[in-house]
Amino acid sequence: MSKINPSKGAPYARILGVGGYRPTRVVPNDVILETIDSSDEWIRSRSGIETRHWAGPEETVAAMSIEASGKAIADAGIDAEQIGAVVVSTVSHFSQTPAVATEIADRLGTNKAAAFDISAGCAGFGYGLTLAKGMVVEGSAEYVLVIGVERLSDLTDLEDRATAFLFGDGAGAVVVGPSQEPAIGPTVWGSEGDKSETIKQTIPWDRFHFGDRSALPLDSKGNIKFPAITQEGQAVFRWAVFEMAKVAQQALDAAGISADDLDVFIPHQANVRIIDSMVKTLKLPEHVTVARDIRTTGNTSAASIPLAMERLLATGEAKSGDTALVIGFGAGLVYAATVVTLP
């Protein structure tokens, strides 16, 4: 017989508060068109994006995270020192170590909270939410702060016609805490590493710093290009539309509900055409509110779902207690979907 004491966590977990931060600089498509041969109409028709936010020098990954987290903690009605763990999903924090989560935990005033970063691309928020739920139910933390944050403008090749218009910056955060009833459903998640080449960094860091400089790509001015995110657009589109709709349906099934039971759909904000195709494939009823935050925020990877959630609640398009299906998918290729009750 085991001598280990059983866990003493909560029966269930829920999202208690949400917060977001968008950089002050708003970048219209006209700015993007200065470096690529395209048009505003083409960008809107292909992606739905009209504007995006780009961070300034002071709007670091940590600074944006702290702004979003402060709002989420206040929205949850708790103090920062009650946070037992901080989970940050990002691919655009350039210091390999220490984790930016440790700086965030300290600056927020947590009481030596566990803190770590995860790299799961656009599915990172779903991964973090799943970890947080486990911690609350297991009892290793009463409240967990989950942050999705990106400065993708730092990883954008502004001369790449396929991606220059896609990415934006920002941070979204939620507080996950105890619940007496189910409010975060089972997560359907996974990866398809055989498709990892479809979304990737153009140049590995070691090749950029130590490789043959004459073999590195150059920009239009003859300068060596900084590593950026690139993708095979059509392959990603097909995968997202056909495979991720199946994952979303599996998340509904795992939660024991149907599309008719949903109030809100918050997919990763990758592309309006992908979102609209998923809505059609899932046969979502007209009463379901669909997040299309990408129009003015762009693709913010790990930050896109909490930012979209925060905006829907702030504008009144969604309300506390609504049942929402969330799904993230991206580089890896990785994905995570679940059903949640909105805070």
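Look up: the structure comes first, before these words.
Residues numbered from 1 in each chain as written. Predicted model: local features only at pLDDT ≥ 70, side-chain atom pairs only at ≥ 80, totals over all residues. Heavy atoms only, no water.

Right, let's get into unusual backbone geometry. Backbone torsion omega between Thr97 and Pro98 reads 5°, so that peptide bond is classified as cis. By the element assignment, Pro98 lies in the loop between β4 (83–89) and α4 (100–108). Residue Leu333 is reached from Gly332 by a cis peptide bond, and omega for that bond is -10°. In this structure, Leu333 sits in the loop between β13 (323–330) and β14 (334–341). In this structure, Lys112 takes a positive phi of about 55° despite not being glycine. Checked against the element boundaries, Lys112 lands in the loop between α4 and β5 (114–118). (Helix = DSSP H or I, 4+ residues; strand = E, 2+ residues; numbered from the N terminus.)

As a rule of thumb, nonpolar side chains are buried together in soluble globular proteins. Counting 46 residues, the largest nonpolar core has Phe265, Leu325, Ile327 and Phe329 as its most contacted members. Breaking this core down by element, the ones donating at least two residues are α7 (233–255), α8 (272–282), β13 and β14. Broken down by element, this core gets its largest block of residues, 10 residues, from α7. Once residues within four sequence positions are removed from consideration, Ile327 is found in contact with Met244, Val247, Ala248, Phe265, Ile266, Pro267, His268, Met278, Ile305, Ala336 and Ala337. Residues Ala120, Ala132, Val136 and Ala318 belong to the second largest nonpolar core, which totals 35 residues. (Core = buried A, V, L, I, M, F, W, Y, C linked by side-chain atoms within 4.5 Å. Buried < 20%, exposed > 50% of the residue type's maximum accessible area, 1.4 Å probe, protein only. Contact = heavy atoms within 4.5 Å.)

Our focus in this paragraph is the packing of helix α3 (residues 61–76) against α4. Running from N to C, α3 and α4 point in directions that differ by 50°, and their axes come no closer than 10 Å. Viewed along their axes, α3 and α4 adopt a mutual orientation that is oblique. The element α3 and its partner α4 pack so that their crossing is right-handed. The segment α3 lies against α4, with Val61, Ala62, Ser65, Ile66, Ser69, Gly70 and Ile73 engaging Val100, Glu103, Ile104, Arg107 and Leu108. Grouping the amino acids of the contact of α3 with α4 by side-chain chemistry returns 7 nonpolar, 3 polar and 2 charged. (Axes fitted to C-alpha atoms, helices over the stretch in contact; angles between N-to-C directions. Parallel < 35°, antiparallel > 145°, perpendicular 65-115°, else oblique. Left-handed = near helix turned anticlockwise from the far one by under 90°. Nonpolar A, V, L, I, M, F, W, Y, C, P; charged D, E, K, R; others polar.)

Aromatic ring pairs: the centre-centre distance and the angle between the two ring planes describe each pair. As enumerated under the stated definition, the model contains 4 aromatic pairs in all. With centroids separated by 5.5 Å and ring planes inclined at 90°, the aromatic side chains of Trp42 and Phe165 adopt a geometry described as edge-to-face. Of the two residues, Trp42 sits in helix α2 (residues 40–47) while Phe165 sits in the loop between β6 (143–151) and β7 (169–179), which places them 123 residues apart along the sequence. On the numbers, 4.9 Å between centres and 65° between planes, the contact of Tyr127 with Trp189 is edge-to-face. On the criterion of sequence distance, the pair formed by Tyr127 in helix α5 (residues 124–138) and Trp189 in strand β8 (residues 188–191) is long-range, its members being 62 residues apart. Relative accessible area serves as the criterion here: at 18%, Tyr127 is assigned to the buried category. Stacked on the ring of Trp42, the Lys or Arg Arg161 has its end atom at 4.3 Å from the ring centre. (Phe/Tyr/Trp six-rings, centres within 6.5 Å; stacked < 30°, edge-to-face > 60°. Lys NZ or Arg CZ within 6 Å of the ring centre and 35° of its normal.)

One open sheet accounts for 5 strands, arranged β1-β7-β6-β4-β5; its pairing is mixed. Either end of the sheet is taken by a strand with one partner, and the two such strands are β1 (12–21) and β5. Across the sheet, the axes of successive neighbouring strands diverge by a mean angle of 20°, strand direction being ignored. Two strands pair when backbone bridges link them, and β1 and β7 are joined in this way by 9 bridges, in the antiparallel orientation. Within the sheet, the bridge partner assigned to Tyr12 lies in β7 and is Ser179. Across the sheet, helix α10 (residues 304–315) is in contact with β1 and β7; its angle to β1 comes to roughly 85°. (Pairing = 2+ DSSP bridges.)

On to the environment of Lys283, then. By the element assignment, Lys283 lies in the loop between α8 and β12 (289–290). Among the residues examined, Lys283 registers a relative accessible area of 70% and is labelled exposed. Here the alpha-carbon distance between Lys283 and Ala62, two residues 221 residues apart in the chain, equals 39 Å.

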